[in-house]
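Chain residues, written in single-letter form:
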Amino acid sequence: MGALTRKAAIVGVGESDLGYTPDKTFLQLIAQATNRALDDAGLQKNDIDGLFSAGWLTMESIMIAEYLGIQPTYSDNTLSGGSAFEFHMEHAMAAISAGLCETALICYAETPLSDRKRGMARSFATGAPQEPEEQFEIPYGQWVPIPTYALAAQRHMYQYGTTSTQLAEIAVAARKWASLNPSATMRDPLTIDDVLASPMMSTPLRLRDCCLVSDGGGAVIVTTAERSKNLRKKPVWILGCGESHTHRSISGMPDLTVTPAKLSGERAFRMAGLAPSDIGLLELYDSFTITVLLQLEDLGFCPKGEGGRFVEGQRLAPGGQQPANTSGGGLSYLHTGMFGIFLLIEAARQLRGECGDRQVQPVKTALCNGIGGNLASSGTVILGVD
Amino acid sequence: MTADYKKPLPYIHSETKAYWEGAKAHELLIRKCRTCNRHHFYPRDLCPSCFSSDVEWIKASGRGHIYSFTVCHRPAPSFEKDVPYNIALVELEEGVRMMSTIVECSNDDLKIGMAVEVVYDDVTPEITLPKFRPVSPPARERS
Ligand SMILES: [Zn+2]
C-alpha cells in the first residue's frame, strides 16, 4: 500500500445548474458549484488554500481565483482533457500530504451547448499551425473527437470481433441509470435497436455511441484526514491514484486498443493495495461507448479483447453484476466537454449513500477513471468509505 | 491541381520541409535513426526512441497496410462536400504509422489489413498530400 493512501479525503461536492444555461458564463457556474460544495462540506471559502482547475482560456485558473475572491498558495492548472480532475485529485492528495496546502478546491465549468447557440463555439478543429496534428492529420479531414475514437473502435472490432450491438449495450445501460437520475438530460427508454438505428457519425460509431453536449460545472473539496473528521459529511477517502498519457495525436497512439488507463490503473490499484475484484462501483469516462469498453479491459475488469462480451446482458446497468456510470454518464446524464469531475461527484455521493433511486447497495469502494484527448490521457482515482 | 483549394494545408518549417518537398517530388521521405535503426513518424530532429540527433531521411517504399480507418459522415470544416469520406491510419512497411486517405477505392470496400501503396495528390502548386490506394483494387461491381 502506498504512503499516500487515506492521507486526504473528499469532503464536499457540488454541481452548478446543468444542461442548458444560456444566461450564465462558466465563471458563474464555477462559483455556484463551489458554493454548493463548500456548503456540502461545512467549510468557508476562506478555508481554501489550494486551487486545481482546468479550462481552455488563457491563465484560466488565475481568472477563476480572482472571480471567486481567493488567493491560493498552491495552484495547479493541469489540462489533460477529460481526465484533468482525476489528475488534480492525485496532485491535491500529494500536495496535502506534503503539507503544501490543507484544503483544495477542484473546480471547472464549460458552456459548450450555449456557446454553440450563441455562435461562440470553441473549435476543436483548429489548433496552432505548428502542432503535429495540424500538419499531418488535419489536412486529411480528421477532426476531434468522433473520428479519432471511431478509428479505435474499428480496430478493436477487427482485432477482437467486438460488435456494434455490444457497444450499444453500454449506451442502453447508461440510459437506464439516467432514467433513475432526476438531473439527467436523456431519461426516455433506449433500446439496442434504437442505438443501432441512430444516425451514423463516423463508422462504426453512431449518434447514440456518442456523448451529449451540455453546459455545466462541478466542484470537489479535498482536505487532510485530520480535518475531514470534523466536517458535515463522512470523509470519502482517497485510497489510490494514478495518471498517465501515452500520445497526443491518434496516429501516435502506440496501440489503438490499449489506453493509458492500463498504466494509471495499475498505479492506482498498487497505491490502494486493491484489485479490480475489490471495487464495488465503477465511474468510467463515457465520451463514447468504445471508451468504456477499453477502460474495462485496461483497468483489469476483463481480459484485453473481452470487453464486448463483458458488457453483454446489461452487466453495467441497474441490477447488473458490475454497476457503472450510475449518473447516466456522458452518454445520457450530461457532457460538458471534460466529464471527469462529474465522475468524482457521483462516486462520492454513491459512497455516502445519497443517490436515492439509483443508489448502489452496499458500496464501500468506487473507481473513477477519466480519459482525455484522443484516448491520450488517463487518470484513475480509487475512493472508499469506512 | 486546383488554385482554389480551400482545405487546411500544413505549415512547413525546418523540421518538416524535406518531407513536404519530397511529397512535391512524389517521394515519401521518413526519418530513420542511425543510432538505434528505428524509423519514426512524424519527422523529428531527435529520435523519439533513443533521443539521438543522428537521424537521416530515407525514401520509404510507399507500401503498407490499413491499420484502421473510419468513414466520416460528419465533416471537418471545409470537407462538407466530401461526406462521406474516409480517413485511415496506414502502417508503412518501415513500421511507422501515418494518417492519410484511401483513394481509388469505394468506402464500402475498405478493410483493415488491406495492402495499399502511396499516390500523390498535388492539391496546390506548393503542396502535395501523400494518399494511398489498394495495391490490387477490388473488382468493381458490374453495373
Ligand atoms: Zn534512435
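Residue positions are counted from 1 within each chain, in the order its sequence is given. Chain A is the first chain written and ligand 1 is the first ligand written, with later ones labelled in order. With pLDDT at 70 or above as the cut-off, local features in this predicted model cover only qualifying residues; side-chain atom pairs require 80 or more to be listed or tallied, and sums for whole chains, interfaces and linings still use all residues. The side-chain quantities take in all heavy atoms of the structure and omit both hydrogens and water.

Observations regarding the coordination of the zinc ion
The textbook angles at a metal center are 109.5 degrees for a tetrahedron of four donors and 90 or 180 degrees for an octahedron of six. All names here are of chain B. For the record, the criterion: Here the coordinating atoms are restricted to nitrogen, oxygen and sulfur within 2.8 Å of the metal centre, or 3.2 Å for Na, K and Ca, and because water is not among them the sites may look incomplete. Here a site with four donors is tetrahedral if all angles are between 85 and 135 degrees, and a site with four or six donors is square planar or octahedral if opposite donors are over 155 degrees apart and the other angles are between 65 and 115; anything else gets the irregular label. Per the convention used, a helix needs a DSSP run of H or I reaching at least four residues, while a strand needs a run of E reaching at least two, with both numbered from the N terminus. Between buried and exposed lies partly exposed: a residue is buried under 20% and exposed over 50% of the maximum accessible area for its type, with that area taken using a 1.4 Å probe on protein chains only.
Looking at the zinc ion, one finds its protein donor set to be Cys-33 (SG), Cys-36 (SG), Cys-47 (SG) and Cys-50 (SG), positioned 2.3 to 2.4 Å from the metal centre. Around the zinc ion sit four donor atoms; with metal-centred angles ranging over 103 to 117°, the donor geometry is tetrahedral. Read in sequence order, the donor residues for the zinc ion give the motif C-x2-C-x10-C-x2-C. Placement of Cys-36 in the loop between strand S1 (29-33) and strand S2 (39-40) and of Cys-50 in the loop between S2 and strand S3 (55-59) is noted, with a sequence separation of 14 residues between them. With a relative accessible area of 34%, Cys-50 lands in the partly exposed category.

Considerations on the confidence of the model for chain B
Here is the rule: Per-residue confidence from the predictor is reported as pLDDT, a score between 0 and 100.
Residues with a pLDDT of 70 or more make up 93% of chain B, whose mean pLDDT is 94. Reported confidence for the predicted complex is 0.95 by ipTM and 0.96 by pTM.

A few points about unusual backbone geometry
In this structure, Pro-204 of chain A follows Thr-203 of chain A across a cis peptide bond, with omega equal to 5°. Among the secondary structure elements, Pro-204 of chain A is positioned in the loop between strand S5 (200-202) and strand S6 (205-206). In this structure, the amide linkage connecting Gln-361 of chain A to the following residue, Pro-362 of chain A, adopts the cis form with an omega of -25°. Counting through the fold element by element, Pro-362 of chain A comes out in the loop between helix H14 (340-352) and strand S10 (365-372). Non-glycine residue Asn-325 of chain A carries a positive phi angle of around 55°. As for its position among the elements, Asn-325 of chain A is in the loop between helix H12 (307-310) and helix H13 (329-332). The residue Ser-78 of chain B is not glycine, and still its phi comes out positive at about 75°. A relative accessible area of 29% means that Ser-78 of chain B is categorised as partly exposed.

Side note on the side chain of Gln-295 of chain A
All names here are of chain A. Threshold: N or O atoms within 3.5 Å of each other form a polar contact, as long as, within protein, one can give a hydrogen and the other can take it, and as long as residues adjacent in sequence are counted only when both atoms are side-chain atoms. Two residues form a contact once any of their heavy atoms are found within 4.5 Å.
Position of Gln-295 among the secondary structure elements: in helix H11 (residues 289-298). Classification of Gln-295 as buried rests on a relative accessible area of 0%. In this structure the side chain of Gln-295 is engaged in a polar contact, spanning 2.9 Å, whose partner is the backbone oxygen of Thr-291. Polar contacts involving the side chain of Gln-295 include one to the side chain of Asn-369, which spans 3.1 Å. In contact with Gln-295, not counting residues within four places along its chain, are Ala-261, Leu-284, Tyr-285, Asn-369 and Ile-371.

Here's the deal with the pattern of salt bridges
Residue and element names in this part refer to chain A. What counts here: The salt bridge criterion pairs a side-chain nitrogen of Lys or Arg with a carboxyl oxygen of Asp or Glu, the two atoms within 4 Å.
For the structure on display, the rule yields 32 salt bridges over all chains. Between Glu-131 and Arg-248 there is a salt bridge, with its nearest N and O atoms 3.8 Å apart. Separated by 117 residues along the polypeptide, Glu-131 in the loop between helix H4 (112-117) and helix H5 (132-136) and Arg-248 in the loop between strand S8 (236-245) and helix H10 (261-272) bring together distant segments of the chain. For Glu-131, a relative accessible area of 25% translates into the label partly exposed. Linking Glu-354 and Arg-352 is a salt bridge whose minimum nitrogen-to-oxygen distance equals 3.3 Å. Each of Asp-17, Asp-23, Lys-24 and Arg-36 takes part in salt bridges that share partners, so that together they form one network.

Points about the layout of surface pockets
Our working rule: The way it works is a 1 Å grid over only the protein atoms, where trapped points that fit a 1.4 Å probe form a cavity and open points with protein on both sides within 12 Å along at least five of seven lines form a pocket, and then any residue with an atom within 4 Å of a point lines it. Grid points are joined across faces, edges and corners, and a volume is the space filled by probe spheres set on the points. Residues are sorted three ways: Asp, Glu, Lys and Arg are charged, Ala, Val, Leu, Ile, Met, Phe, Trp, Tyr, Cys and Pro are nonpolar, and all the rest, Gly among them, are polar.
Its boundaries defined by the atoms lining it, the second largest pocket holds a volume of some 390 Å³. The wall of the second largest pocket is formed by 20 residues, among which Ser-251, Gly-252 and Met-253 of chain A together with Phe-41 and Arg-44 of chain B lie closest to the centre. Counting only elements with at least two residues in the lining of the second largest pocket, the list comes to H5 of chain A together with S2 of chain B. Of the residues contributing to the lining of the second largest pocket, the split by class is seven nonpolar, seven polar and six charged.

What to know about the environment of Asn-107 of chain B
All names here are of chain B. Within the secondary structure, Asn-107 is located in the loop between strand S6 (97-100) and strand S7 (115-122). Among the residues examined, Asn-107 registers a relative accessible area of 22% and is labelled partly exposed. Note: C-alpha distance between Asn-107 and Ala-60 (47 residues apart in sequence) is 26 Å. If sequence neighbours within four positions are ignored, Asn-107 has contacts with Val-71, Pro-84, Tyr-85 and Asn-86. Within polar-contact distance, the side chain of Asn-107 engages the backbone oxygen of Pro-84 at 3.1 Å. Side chain to side chain, Asn-107 and Asn-86 meet in a polar contact 3.1 Å long.

Some remarks on the sheet that holds strand S3 (residues 74-76) of chain A
All names here are of chain A. Spelled out, the test is: Here, strands pair whenever DSSP counts at least two bridges between them. Here the axes come from fitting lines to C-alpha atoms, over the contacting stretch only for helices, and the angles between their N-to-C directions go from 0 to 180 degrees.
The strand order S3-S2-S4-S7-S1-S8-S11-S10-S9 describes an open sheet built from nine strands, whose pairing is mixed. In the strand order of this sheet, the two ends are held by S3 and strand S9 (281-284), each with one partner. Across the sheet, the axes of successive neighbouring strands diverge by a mean angle of 25°, strand direction being ignored. Judged from the two bridges that link them, strand S1 (residues 8-15) and S8 form a sheet pairing that is antiparallel. When the bridges of S8 are listed, Ala-9 appears paired with Trp-237. Along the sheet, helix H3 (residues 84-97) contacts S1, strand S2 (50-53), S3, strand S4 (103-110), strand S7 (216-224), S8, S10 and strand S11 (377-384); its crossing angle with S8, the most-contacted strand, is approximately 120°.

Brief notes about the interface of chain A and chain B
Operational definition: Buried surface area refers to the total accessible area, computed with a probe of radius 1.4 Å, that the two partners give up upon joining, counted for both partners together.
Counting from both sides, the interface comprises 32 residues of chain A and, opposite them, 36 residues of chain B. Counting the surface chain A buries against chain B, the share from its top three residues, Gln-135, Phe-136 and Tyr-140 of chain A, is 27%. For the pair chain A and chain B, the interface holds zero salt bridges. The interface formed by chain A and chain B includes 16 residue pairs in polar contact (both at pLDDT 80 or more). Elements represented by at least two residues in the side of chain A that touches chain B include exactly H5, helix H6 (146-160) and S5 of chain A.

With respect to helix H1 (residues 17-24) of chain B
In an α-helix, one turn spans 3.6 residues; hence positions three or four apart end up facing the same way. To keep it simple, the criterion reads: An arc is given here, and it is the one of the directions from the helix axis to the C-beta atoms.
Turning to H1 of chain B, its buried residues are Tyr-19, Trp-20, Gly-22 and Ala-23 of chain B. Taken end-on, H1 of chain B shows its buried residues confined to a sector of 155°, consistent with a single buried face. Looking at the packing, one finds that the buried side of H1 of chain B touches H5 of chain A together with S1, S3, S6, S7 and strand S8 (128-134) of chain B. Just beyond H1 of chain B, the residue with positive phi is His-26 of chain B, at close to 60°.

Notes on the nonpolar core
All names here are of chain A. The test is simple: In this text, buried Ala, Val, Leu, Ile, Met, Phe, Trp, Tyr and Cys residues form a nonpolar core when linked through side-chain atoms within 4.5 Å.
Grouped together as the largest cluster of nonpolar side chains are 137 residues, with contacts concentrated most on Met-89, Val-220, Val-222, Leu-296 and Leu-383. Tallying contributions element by element places helix H7 (residues 164-179) first for this core, with nine residues. Sequence-distant contacts of Val-222, that is, excluding residues within four places in its chain, are made with Ala-8, Ala-9, Ile-10, Met-89, Ile-96, Glu-102, Thr-103, Ala-104, Ile-106 and Ile-238. One finds Ala-33, Ile-48, Ile-64 and Ile-221 within the second-largest nonpolar core, a separate group that totals 22 residues.

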